[in-house]
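Residues per chain, in single letters:
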Amino acid sequence: EPADDEKGYRVARTEEMVFDHHPDAAHFRYPYAYGPYQVVPREWSVVRRILDGRRRIIVPDDGLTLHHHGFTMNLAHAVLLGVDHPDAAAGKVFNAADEEVLTIRQVVELIASALGHELEIVSMPYEIAVPARPLLAQPLPTHRVLDLTRIKSDLGYRDVVPAREAVKLTARWLADN
């Protein structure tokens, strides 16, 4: 309902309209996408701290929140599987994301590792961890994990680049560019 999740409500209504008019369409739901050339990279807040030589970073709730994300190459691969297998994709909605779901803490640690830097992770309750909000890339500190069963079973999806390597590639690209 709109009062619970205005954006989710609009997405659901849009999906219904698409399938009402195009019953053989395939719809790919993306979570937050990351990778080179991403317009508003959540990873930049960590990379910038490292480039500035800072030694600490604040994370909400010990950084243990699980957020599903998708590396751009993996998400493109997912769509191309739908193009390559139109009969298997027709009339379906697919969640598309990296196979491994990383915590905020893991993302910070992977970025620091990729850039050869040590960061002390400072945990604060979500309510006062305002500097860490860009890392969440969503308005609430709840877990957000997608079910990838359909895209794996119907289209044979597997990551082109594993999530841990994708985060490191993204960090190095951001640092260089």
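Scroll up for the structure.
Computed from a predicted model, the values in this text were never measured in an experiment.

Calculation rules
Residues numbered from 1 in each chain as written. Predicted model: local features only at pLDDT ≥ 70, side-chain atom pairs only at ≥ 80, totals over all residues. Heavy atoms only, no water. Helix = DSSP H or I, 4+ residues; strand = E, 2+ residues; numbered from the N terminus. Buried < 20%, exposed > 50% of the residue type's maximum accessible area, 1.4 Å probe, protein only. Contact = heavy atoms within 4.5 Å. Areas by Shrake-Rupley, 256 points an atom, 1.4 Å probe, with all protein chains shown as cover. Lys, Arg positive; Asp, Glu negative; His and termini not counted. Charge placed at Lys NZ, Arg CZ, Asp CG, Glu CD. 1 Å grid on protein atoms, 1.4 Å probe; cavity = no way out; pocket = protein on both sides within 12 Å on 5 of 7 lines; lining within 4 Å. Points joined across faces, edges and corners; volume = space filled by probe spheres on them. Nonpolar A, V, L, I, M, F, W, Y, C, P; charged D, E, K, R; others polar. Axes fitted to C-alpha atoms, helices over the stretch in contact; angles between N-to-C directions. Parallel < 35°, antiparallel > 145°, perpendicular 65-115°, else oblique. Left-handed = near helix turned anticlockwise from the far one by under 90°. Phe/Tyr/Trp six-rings, centres within 6.5 Å; stacked < 30°, edge-to-face > 60°. Lys NZ or Arg CZ within 6 Å of the ring centre and 35° of its normal.

Caption draft 1: Representation of the overall build of the chain. Counting its regular elements, the chain contains eight helices and eight strands. Expressed as lengths along the three principal axes of its C-alpha atoms, the size of the chain is roughly 55 × 35 × 25 Å. Evaluated residue by residue, the chain yields a buried proportion of 37% over its 177 residues. Across the chain, contacts joining residues at least 24 apart in sequence account for 86% of those joining residues at least 6 apart. With the model as given, the accessible surface of the chain reaches about 9800 Å², and the carbon-plus-sulfur share is 54%. For the chain, the distance from the average position of its 20 positive side-chain charges to the average position of its 26 negative side-chain charges is 6 Å.

Caption draft 2: Local environment of empty space enclosed by the protein. If you walk through the whole model with that rule in mind, you get one cavity of 30 Å³ or more. The computed volume of the largest cavity comes to approximately 50 Å³. Lining the largest cavity are Y34, R42, H67, H68, H69, D98, E100, V101, L102, V107, A163 and V167. Counted by class, the lining of the largest cavity contains six nonpolar, three polar and three charged residues.

Caption draft 3: A look at the packing of helix α2 (residues 44-51) against helix α5 (residues 104-114). Relative to each other, α2 and α5 sit at 40°, their axes nearing to 10 Å. When the axis of α2 is compared with that of α5, the two are oblique. The interaxial crossing formed by α2 with α5 has right-handed handedness. The segment α2 lies against α5, with V46, V47 and I50 engaging V108, I111 and A112. Class assignment of the residues belonging to the contact of α2 with α5 gives a composition of six nonpolar, no polar and no charged.

Caption draft 4: Up close: the packing of aromatic side chains. This structure, assessed with the given rule, holds three aromatic pairs. For the pair F28 and F94, a centre-to-centre distance of 5.2 Å together with 20° between the ring planes defines the contact as stacked. With F28 in strand β1 (residues 26-29) and F94 in strand β6 (residues 92-95), the pair connects residues that are 66 residues apart, well separated along the chain. Accessibility assignment for this pair places F28 and F94 in one class, buried. A ring pair is formed by Y37 and W173, whose centres lie 4.8 Å apart and whose planes are at 55°; its orientation type is tilted. Taken together, the positions of Y37 in the loop between β2 (32-34) and α2 and W173 in helix α8 (residues 163-176) put the pair 136 residues apart, joining distant regions of the chain. Among the residues examined, Y37 registers a relative accessible area of 68% and is labelled exposed. Cation over ring: R133 sits above Y126, and NZ or CZ is 4.3 Å from the ring centre.

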